[in-house]
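Close look at the chain arrangement
The primary structure of each chain is shown beneath.
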Amino acid sequence: PEKIIAFVRPKSETHVIGRYFDCAQNVEYGTPIRGPEYDIIPDQYMVDPETEATFGFSYQAEKRVSVWLSDHHQALQARIDSIHPDTINEVHGFTMNNSRAIVRRSSDQNPGEWSQFDIESEHEILIGKERPWINPEESASTESIVFPNREGIPIHALVTQPPQKVEEKKLLVMVHGGPRARDYWGWDSEAQYFAALGYTVLKVNYRGSSEYGLDYSPNEHLKAIKASIVDVADGVRWALDQGYASKDKVAIYGSSFGGHVALRCAAEYPDLFACVIGYAGVYDWVKEMDREFKDEPIYWKLKLHTYYGDYDNEKALWREACIYSMLTLLV
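In short, a report on the structure. (Residues numbered from 1 in each chain as written. Predicted model: local features only at pLDDT ≥ 70, side-chain atom pairs only at ≥ 80, totals over all residues. Heavy atoms only, no water.)

**Things to note about the overall build of the chain**
- Along the chain, the regular secondary structure elements total eight helices and 16 strands.
- With the principal axes as the frame, the chain shows a C-alpha extent of 70 × 55 × 40 Å.
- Counting only residues that meet the buried cut, the chain has 45% of its 331 residues in that class.
- Across the chain, the fraction of contacts at a sequence separation of at least 24, relative to all contacts at a separation of at least 6, is 53%.
- Per element, the accessible surface of the chain, about 17800 Å² overall, is 51% carbon and sulfur.
- Positive and negative charge centroids in the chain, built from 34 and 50 side chains respectively, lie 5 Å apart. (Helix = DSSP H or I, 4+ residues; strand = E, 2+ residues; numbered from the N terminus. Buried < 20%, exposed > 50% of the residue type's maximum accessible area, 1.4 Å probe, protein only. Contact = heavy atoms within 4.5 Å. Areas by Shrake-Rupley, 256 points an atom, 1.4 Å probe, with all protein chains shown as cover. Lys, Arg positive; Asp, Glu negative; His and termini not counted. Charge placed at Lys NZ, Arg CZ, Asp CG, Glu CD.)

**Overview of the packing of aromatic side chains**
- For the structure on display, the rule yields 14 aromatic pairs.
- Taken together, a centroid distance of 5.7 Å and an interplanar angle of 40 degrees make the contact between Y20 and Y29 tilted.
- Each member of the aromatic cluster is reached from another via a ring pair, and the members are Y206, F257, W285, Y307, Y308 and W318.
- Directly above the aromatic system of Y199 lies the positively charged group of K170, at a separation of 4.4 Å from the ring centroid.
- Here R182 stacks its cationic end above the ring of Y212, 5.0 Å away from the centre of that ring. (Phe/Tyr/Trp six-rings, centres within 6.5 Å; stacked < 30°, edge-to-face > 60°. Lys NZ or Arg CZ within 6 Å of the ring centre and 35° of its normal.)

**Remarks on the packing of helix α3 (residues 221-241) against helix α4 (residues 257-268)**
- For the pair α3 and α4, interaxial distance at closest approach is 9 Å and the crossing angle is 55 degrees. If you check the angle between α3 and α4, you find them oblique. For the crossing formed where α3 meets α4, the hand is right-handed. Contacts between α3 and α4 pair H221, A224, I225, S228, I229, V232 and A233 from the former with F257, H260, V261, R264, C265 and E268 from the latter.
- Across the contact of α3 with α4, the residue classes tally to eight nonpolar, three polar and two charged. (Axes fitted to C-alpha atoms, helices over the stretch in contact; angles between N-to-C directions. Parallel < 35°, antiparallel > 145°, perpendicular 65-115°, else oblique. Left-handed = near helix turned anticlockwise from the far one by under 90°. Nonpolar A, V, L, I, M, F, W, Y, C, P; charged D, E, K, R; others polar.)

**A few points about the sheet that holds strand β6 (residues 64-68)**
- If you walk across this open sheet you meet the three strands as β4-β5-β6, and the pairing is antiparallel. The sheet terminates laterally at β4 (42-47) and β6, the two strands that pair on one side only. Neighbour to neighbour, the strand axes of the sheet diverge by 25 degrees on average, direction disregarded.
- As paired strands, strand β5 (residues 54-60) and β6 are joined by five bridges and run antiparallel to one another. Looking at the pairing, G56 lines up with W68 of β6. (Pairing = 2+ DSSP bridges.)

**So, the nonpolar core**
- Membership of the largest hydrophobic core comes to 53 residues, with the highest contact counts inside it found for V173, V232, W285 and W318.
- Per-element accounting of this core gives the leading share, nine residues, to α3.
- Here W285 is in contact with H221, I225, F257, H260, W318, A321 and C322, once residues within four sequence places are set aside.
- Core analysis: the next-biggest nonpolar cluster, separate from the first, contains nine residues, M46, W68, L76 and A101 among them. (Core = buried A, V, L, I, M, F, W, Y, C linked by side-chain atoms within 4.5 Å.)

**Regarding the packing of helix α5 (residues 285-295) against helix α6 (residues 297-308)**
- Interhelical geometry of α5 versus α6 gives an angle of 135 degrees and a closest axis separation of 6 Å. When the axis of α5 is compared with that of α6, the two are oblique. For the pair α5 and α6, contact is made by M289, E292, F293, K294 and D295 and by P297, Y299, W300, K301, K303 and Y308, respectively.

**Section: the side chain of H84**
- The topology assignment puts H84 in the loop between α1 (71-83) and β7 (88-94).
- At a separation of 2.6 Å, a polar atom in the side chain of H84 contacts the side chain of E124.
- Excluding anything up to four places from it in sequence, H84 contacts N89, R105 and E124. (Polar contact = N/O pair within 3.5 Å; in protein donor to acceptor, adjacent residues only side chain to side chain.)

**A closer look at unusual backbone geometry**
- The omega torsion of the bond from G178 to P179 falls at 5 degrees, within 30 degrees of zero and hence cis.
- For P179, the position within the fold is in the loop between β13 (170-175) and α2 (189-196).
- For N98, which is not glycine, the phi torsion reads 60 degrees and is therefore positive.
- Within the secondary structure, N98 is located in the loop between β7 and β8 (100-106).

**Some remarks on the pattern of salt bridges**
- On inspection of all chains with the given rule, the structure shows 21 salt bridges.
- Where D39 meets R9, a salt bridge forms, and the shortest distance between an N and an O atom there is 3.9 Å. Here R9 lies in the loop between β1 (3-8) and β2 (17-22) and D39 lies in the loop between β3 (27-33) and β4, a separation of 30 residues in the sequence.
- Residue class for D39 comes out buried when judged on its relative accessible area of 3%.
- For the salt bridge of R207 with D231, the shortest nitrogen-to-oxygen distance reads 2.9 Å. Taken together, the residues span a long stretch of sequence, with R207 in the loop between β14 (199-205) and α3 and D231 in helix α3 at a distance of 24 residues.
- When its relative accessible area of 14% is taken as the criterion, R207 is described as buried.
- We classify D231 as buried; its relative accessible area is 0%.
- Several salt bridges converge on common partners, so that one network encompasses D43, R64, E90, R104 and E130. (Salt bridge = Lys/Arg side-chain N within 4 Å of Asp/Glu carboxyl O.)

In structure tokens form, the structure reads like this:
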């Protein structure tokens, strides 16, 4: 326990990295864990249930990445990935005699299946399937793409296309909330549903989305509000240029922060959308934040300087960010 991995963003860098640290010796050792585009932020840990020893962790990059702390486990992960290169392969545990690994495999077309992987023979025994009524061969595929916005900045996104040929090309833009969140490559039941109805589904990880480093994912909420509108609108234009839909067949939908982005995009660029849906969105930032300050003063103080800057002296800027202000200008 005196040896740890500290996940930090060094002052001179924009991304969170993992650093090996020996607390007993008070020294850093080994090679830091880095990702060229993504923050190293673990969200799952592989731990021995009896000894509580940590085997490794995983984090989200373009796809989920497993980091093992021993050469043995790293080699096992590499073998499984070589056998199943098109899926995310997660080792969740081992049998009592350590002869078999318990593996969950999933992908954009496969919601998940579990198996016992014989470490010596590489023979697999299926344990069970998640959503067994889903046929992966009939599911839509999702592609991770990058497009340039109007400023030439590469913007990350996901495109899910209908599994069958459609006569009428339609686009549904689904905007995630947050903004400190993002959409991940993998099984997505909502995208699958709409793709089955004949829509191409576009999910834009606009600037402000998490885990892309401080330049792409700034803490400042106002920056994310402005950048998200630009990036989502430019994503729609990119999709139209790619022929994913006709110009009059684009809908946009979002909830929470995504609801604000959806309505604001439609208000600023009405020529791009035939339909806009905002669900439980934040449309009046000043009203929402004043309520939060009143009802949750401790929580508010913790968030204020990290995300909201000099809010008390910048309310005019927040009012400009409100969807109501935009609609008033349009009227």
